[in-house]
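# Descriptive structure summary
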Amino acid sequence: MTGSLFKGNFWTSDILSTIGYDSIIQHLNNGRKNCKEFEDFLKERASIEERYGKDLLSLARKKPCGQSETNTLKRALEVFKQQVDNVAQNHIHLAQTLREEARKMEEFREKQKLQRKKTELIMDAAHKQKSLQFKKTMDAKKNYEQKCRDKDEAEQAVHRSANMANPKQQEKLFVKLATSKTAVEDSDKAYMQHINTLDRVRSEWQSEHIKACEVFETQECERINFFRNALWLHVNQLSQQCVTSDEMYEEVRKSLEMCSIEKDIEYFVNQRRTGQTPPAPIMYENFYCPQKNAAPPGKATGSNSARRGPLPNPKSLPDDPDYCLLDNNYSLVYQ
């Protein structure tokens, strides 16, 4: 792309003014600043991605997540942890990519800075030469105008002394007039020379200004294009990050589809079962009249030789003095 707009729209009628050139330079400086801001944005985003990736990696590798699950759900959780690990690595890789893009933006800025510097040095010299020559020309003009006024005064003095009787005085006036005419001619030549030099300097400056405008416009086109492409690439990288992460999560979804509730329940039963016979009913047992082969509480019925036998019949008769009858029951009375 070649410059065509800058060179036709940044002039001013004041020969000393650099407002058009300054406006372009300010715009280029702002563009360079904008590139630096995007470069810093990429670096900061890279730091965020790296920090997030490392935190996610630590989470995936150190934090338990359903570690006691078994069978198909356990396998799905293992896939899940692995894919989270992969996503974390992907974010860390994205951080490295973003830093590389930031480096490219920095190199582009520095390259344009060096290119601009050459043109700016030429333009600064042209502006300085133009200003200096303009000052010399204005000084020559003032001198020329002053010499013209001196000549006019000398001519008027000669006319006023036409009727003077003093020939020496008149001779002095004529000499002064001749001198003033010579001075006018010399100052006129000097003034014309400065005008011609100024016109040459102005023409050279104008030519350099046009070249600078073309260079600067080309640079600005390149900058906008580079910035646009860098931003486009950046969002593509972010989109690709999302796509890649979704592909990894899809592996988790596939593993979850392979999960079987029935198989996991069956696996648990096979691994942990304790038996198929429930405990027997708890039967009532009379303390004084135990049933034979009564089952202990919570256990199956069976013989128990440790259980005490029935009450023995008393050896003495009811009227025996060793016994007494209380409420139709025998009680032993110790003496």
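Residues numbered from 1 in each chain as written. Predicted model: local features only at pLDDT ≥ 70, side-chain atom pairs only at ≥ 80, totals over all residues. Heavy atoms only, no water.

- An unreviewed UniProt entry lists the protein under the name Proline-serine-threonine phosphatase-interacting protein 2, from Odocoileus virginianus.
- In the Function (unreviewed entry) part of its UniProt record, the protein is described as follows: "Binds to F-actin. May be involved in regulation of the actin cytoskeleton." (UniProt positions renumbered as here; feature names shortened; annotations may be inferred.)

### Regarding the side chain of arginine 116
- Structurally, arginine 116 can be placed in helix H3 (residues 71-160).
- A relative accessible area of 8% means that arginine 116 is categorised as buried.
- The residues contacting arginine 116, other than those within four sequence positions of it, are Ile25, Leu28, Asn29, Arg32, Phe216 and Gln219. (Helix = DSSP H or I, 4+ residues; strand = E, 2+ residues; numbered from the N terminus. Buried < 20%, exposed > 50% of the residue type's maximum accessible area, 1.4 Å probe, protein only. Contact = heavy atoms within 4.5 Å.)

### A few points about the packing of aromatic side chains
- Inspection of the entire model under this criterion finds eight aromatic pairs.
- Ring plane angle 85 degrees and centroid distance 5.8 Å describe the contact between tryptophan 11 and tryptophan 205, whose orientation is recorded as edge-to-face. In this pair, tryptophan 11 is assigned in the loop between helix H1 (6-9) and helix H2 (19-62) and tryptophan 205 in helix H4 (residues 167-257), connecting sequence segments 194 residues apart.
- Among the residues examined, tryptophan 11 registers a relative accessible area of 36% and is labelled partly exposed.
- Their ring planes at 5 degrees and their centres at 4.1 Å tell us that phenylalanine 108 and phenylalanine 226 sit as a pair that is stacked. Of this pair, phenylalanine 108 sits in helix H3 while phenylalanine 226 sits in helix H4, placing them 118 residues apart in sequence.
- Aromatic rings pair up to connect Phe38, Phe41 and Phe227 into one cluster.
- In this arrangement the basic side chain of lysine 130 is found over the ring face of tryptophan 205, its NZ or CZ atom lying 3.7 Å from the centre. (Phe/Tyr/Trp six-rings, centres within 6.5 Å; stacked < 30°, edge-to-face > 60°. Lys NZ or Arg CZ within 6 Å of the ring centre and 35° of its normal.)

### So, unusual backbone geometry
- Its identity as a non-glycine residue notwithstanding, asparagine 71 has a phi of 55 degrees, on the positive side.
- Tracing the chain through its elements places asparagine 71 in helix H3.
- Since its relative accessible area comes to 18%, asparagine 71 is described here as buried.

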